[in-house]
Amino acid sequence: MKKDDELSQELLDVARKGGTEAPFTGKYVNEHSKGMYKCAICGNELFSSYTKFESGTGWPSFTEPKNLEHVELRDDNTHGMHRTEVLCKNCGAHLGHVFDDGPADKGGKRYCINSVCLELDPEK
Ligand SMILES: [Zn+2]
């Protein structure tokens, strides 16, 4: 687990303040390597590359978390919208939101996650 003073300002703004990185700027938007996306703060296994898909939204998108026990889903009614916030269950970092417009043949969910909150552990 990293301490807050070890984290970049960008990561603090997203993970601790619920911010959102600008679309198409994150390091994993166009990433196609296989591996496990872990929490950038605590290393919790969050998303497998096998569930990543091209959503065209500008943020890394996944159809499901590695394990639903590893994330926390919370109602978010800020900015005049009803959304579901996705947080790391282990450290409480804000990761992004989940929407119901994902691929229908894979459950219909789109986990829209900020790259800065993730650290890809490449498959060996
Ligand atoms: Zn975490």
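Predicted model, so just to flag it, every value in this text is computed and none were measured. (Residues numbered from 1 in each chain as written. Predicted model: local features only at pLDDT ≥ 70, side-chain atom pairs only at ≥ 80, totals over all residues. Heavy atoms only, no water.)

(A) Spatial organisation of the coordination of the zinc ion. Summarising the metal site, the zinc ion is bound by the protein donors Cys39 (SG), Cys42 (SG), Cys88 (SG) and Cys91 (SG), whose distances to it range over 2.3 to 2.4 Å. Coordination at the zinc ion is tetrahedral, judged from the four donor atoms that bind it and the angles of 103 to 117° they form at the metal. Under the relative-accessibility criterion, Cys39 is labelled buried at 3%. Residue Cys88 is classed as buried on the basis of its relative accessible area of 1%. (Donors = N, O, S within 2.8 Å, 3.2 Å for Na, K, Ca; no water. Tetrahedral: all angles 85-135°; square planar, octahedral: opposite > 155°, others 65-115°. Buried < 20%, exposed > 50% of the residue type's maximum accessible area, 1.4 Å probe, protein only.)

(B) Spatial organisation of the packing of aromatic side chains. Across all of its chains, the model carries four aromatic pairs by this definition. On the basis of an interplanar angle of 55° and a centroid distance of 5.7 Å, the ring pair of Phe47 and Tyr111 is categorised as tilted. Here Tyr111 lies in strand E8 (residues 110-113) and Phe47 lies in strand E2 (residues 45-48), a separation of 64 residues in the sequence. When its relative accessible area of 0% is taken as the criterion, Phe47 is described as buried. (Phe/Tyr/Trp six-rings, centres within 6.5 Å; stacked < 30°, edge-to-face > 60°. Helix = DSSP H or I, 4+ residues; strand = E, 2+ residues; numbered from the N terminus.)

(C) Spotlight on the pattern of salt bridges. In total, this model carries nine salt bridges according to the counting rule given. Across the pair Lys27 and Glu119 runs a salt bridge, and its minimum N-O distance is 3.8 Å. Of this pair, Lys27 sits in the loop between helix H1 (9-15) and strand E1 (35-39) while Glu119 sits in strand E9 (residues 118-122); the two residues are 92 residues apart in sequence, bridging distant segments of the chain. Across the salt bridge formed by Asp121 and Lys124, the nearest N and O atoms sit 3.7 Å from each other. (Salt bridge = Lys/Arg side-chain N within 4 Å of Asp/Glu carboxyl O.)

(D) Up close: the side chain of His94. Turning to its location among the elements, His94 is positioned in strand E7 (residues 94-99). Note on His94: relative accessible area 4%, which makes it buried. In this structure His94 touches Val14, Ala15, Gly18, Gly19, Glu85, Val86, Leu87, Asn114 and Cys117, once residues within four positions along its chain are discounted. (Contact = heavy atoms within 4.5 Å.)

(E) Molecular detail of the sheet that holds E7. The sheet built from six strands is open, its strands ordered E3-E4-E8-E7-E6-E5 with antiparallel pairing. On the outer flanks of this sheet lie strand E3 (52-53) and strand E5 (71-76), each paired with one strand and no other. Relative to E8, strand E4 (residues 61-62) runs antiparallel, the two being bridged by two bridges. In the strand pairing of E8, Ser61 is matched with Cys112. (Pairing = 2+ DSSP bridges.)

(F) Here's a closer look at the sheet that holds E2. The three strands lie next to each other as E2-E1-E9, forming an open sheet whose pairing is antiparallel. Edge positions in the sheet fall to E2 and E9, since each of these pairs with one other strand and no more. Averaged over neighbouring strand pairs, the angle between their axes works out to 35° when direction is ignored. With five bridges joining them, E1 and E9 adopt antiparallel strand pairing. (Axes fitted to C-alpha atoms, helices over the stretch in contact; angles between N-to-C directions.)

(G) Highlighting the side chain of Ser48. By the element assignment, Ser48 lies in strand E2. Reaching out from Ser48, the side chain makes a polar contact with the backbone nitrogen of Tyr50 at a distance of 3.0 Å. (Polar contact = N/O pair within 3.5 Å; in protein donor to acceptor, adjacent residues only side chain to side chain.)

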